[in-house]
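# Inside the fold
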Amino acid sequence: MAGKGGGGAWKVAYADFVTAMMALFMVLWISAQDESIVVATSQYFQSPRKALLDGAAGILSVERMRPVRMEKVGDKGDEGTGLVDQRKIDTQFLQEIADNLYRLLNLDEVAGERPIEIQVTSDGLKVTLYDRGKRPLFKEDSAEFTDWGNFVMETLAWIIDRHQFNVVIEGHTRKGVAMANPDYSSWELSSDFANTSRRSLTHYAVNPDLIERVSGFADTKPLPGLDAADESNQRVTLSMSLRRRASTPASVSGTGAAAPPAPAENGKAR
């Protein structure tokens, strides 16, 4: 019986050889590709997370939207007359964007009350960012983002830029916020929430032309079913639309101009 079988060590050596050959083949194949692919591959190994965001992290291409028709809006001769790009939005496509956004923010497995809520709408997504005490969006007594807030805005900026969403930003406060400065009310604070969000998005990636409107509503629009003083009412909402209207200028409402963030001593009280 001696000598039969010969052992299996050669199989391990052969498997290592085949693996090495495959790796060599992949390196040679990548090296022969377009320069942009080589650069993208290099960036992935240098910074996997940023490369995933830059490549939409598996989010499907916007080409999955199916064009239906182009429809005129306004009367002839009106200054704002243009074409509305009417599209039949694939809700599954939008849901996949929402799911990927949750995953990128490490919220896909979070149970209970999430710091972010994403809803699929008829023409895009509505993203609500809550400024709650457990995971605040803004630093206390200011409209300056926390580290978490900056991470959220950076991630959203990549998503918006990737899919060219048009964005409407709204800031809201809860009722009963005590302001240290009597000349700085909930109206200024909510507008600062929205404008800080706008500045952050454009800083990271978003073309300013994609921002359609920025508004501050103070405590006038509490969430349905909640007490007006509930902390969940302190929030920023981003309505992200894939339907584009030609010749629609971006605007800022609420307090009028795009107000700068409030000083640290003039903010909200939690």
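The rules we used
Residues numbered from 1 in each chain as written. Predicted model: local features only at pLDDT ≥ 70, side-chain atom pairs only at ≥ 80, totals over all residues. Heavy atoms only, no water. UniProt positions renumbered as here; feature names shortened; annotations may be inferred. Helix = DSSP H or I, 4+ residues; strand = E, 2+ residues; numbered from the N terminus. Pairing = 2+ DSSP bridges. Right-handed = clockwise from strand over helix to strand, strands pointing away. Expected span 1.5 Å × (residues − 1). Buried < 20%, exposed > 50% of the residue type's maximum accessible area, 1.4 Å probe, protein only. Polar contact = N/O pair within 3.5 Å; in protein donor to acceptor, adjacent residues only side chain to side chain. Patch = residues over 30% accessible without salt bridge, like charges linked within 9 Å, V, L, I, M, F, W, Y side chains within 5 Å. Areas by Shrake-Rupley, 256 points an atom, 1.4 Å probe, with all protein chains shown as cover. Salt bridge = Lys/Arg side-chain N within 4 Å of Asp/Glu carboxyl O. Core = buried A, V, L, I, M, F, W, Y, C linked by side-chain atoms within 4.5 Å. Contact = heavy atoms within 4.5 Å. pLDDT = per-residue confidence, 0-100.

Identification of the protein as Flagellar motor protein MotB from Termitidicoccus mucosus is taken from an unreviewed UniProt entry. Database annotation for the protein, UniProt heading Subcellular location (unreviewed entry): "Membrane".

### Looking at the UniProt feature "transmembrane region" (unreviewed entry) in the protein
Those places that UniProt annotates as "transmembrane region" (unreviewed entry) correspond, in this numbering, to residues 12-32. In residues 12-32, helix accounts for 95% and strand for 0%; the two terminal C-alpha atoms are 30 Å from one another.

### Some points on the pairing of strand β6 (residues 211-216)
The pairing of strand β5 (residues 166-172) with β6 spans five bridges and is classified as parallel. Bridge pairing in β6 places I169 opposite V214. Between the parallel elements β5 and β6, the chain passes through helix α6 (residues 186-204) in a crossover that is right-handed.

### Focus: helix α4 (residues 91-104)
Note that an α-helix has 3.6 residues per turn; residues three or four places apart therefore point the same way. The terminal C-alpha atoms of α4, which comprises 14 residues, lie 20 Å apart, in line with the 20 Å expected from a rise of 1.5 Å per residue. Of the positions making up α4, those classed as buried are F93, L94, I97, A98, N100, L101, Y102 and L104. In this structure D90 caps α4, since a side-chain oxygen of it lies 3.0 Å from the backbone nitrogen of Q92. Directly beyond the C-terminal end of α4, a positive phi value near 60 degrees is found at N106.

### So, a nonpolar patch on the surface
Together, W10, Y14, F17, V18, M21, L24 and L28 make up an exposed nonpolar region whose accessible area comes to about 760 Å². Mapped onto the fold, F17 is located in helix α1 (residues 9-31).

### What about the environment of R132?
Mapped onto the elements, R132 comes out in the loop between β4 (124-130) and α5 (147-163). The buried category is assigned to R132, whose relative accessible area is 10%. Between the C-alpha atoms of R132 and Q234, which are 102 residues apart in sequence, the distance is 7.3 Å. Side-chain polar atoms of R132 contact the backbone oxygen of R114, separated by 2.8 Å. Polar contacts involving the side chain of R132 include one to the side chain of S232, which spans 2.9 Å.

### Overview of the nonpolar core
Nonpolar side chains tend toward joint burial in soluble globular proteins. Counting 42 residues, the largest nonpolar core has I116, L129, L156, F165, L201, L238 and M240 as its most contacted members. When residues of this core are traced back to their parent elements, those giving at least two are α4, β3 (116-120), β4, α5, β5, α6, β6 and β7 (235-241). With residues near it in sequence (within four places) discarded, L238 still touches L125, K126, V127, L129, L156, V167, V168, I169 and L201.

### Section: the pairing of β5
Here β5 lies mainly inside the structure; seven of its seven residues are buried. Of the two faces of β5, both are covered, the one formed by N166, V168, E170 and H172 as well as the one formed by V167, I169 and G171. Pairing of β5 with β7, which is carried by seven bridges, proceeds in the antiparallel orientation. Bridge assignment links E170 to a residue of β7, and that residue is T237.

### A closer look at the environment of K221
Tracing the sequence through the fold places K221 in the loop between β6 and β7. Separated by 12 residues in sequence, K221 and N233 have C-alpha atoms that sit 8.1 Å apart. Not counting chain neighbours up to four residues away, the residues in contact with K221 comprise H172 and R235.

### What to know about the confidence of the model for the protein
The share of residues in the protein with pLDDT of 70 or more is 66%, and the mean pLDDT across the chain is 77. In this model, residues 245-270 is a region of pLDDT below 50 whose contacts with residues beyond four sequence positions or in other chains number 78 contacts.

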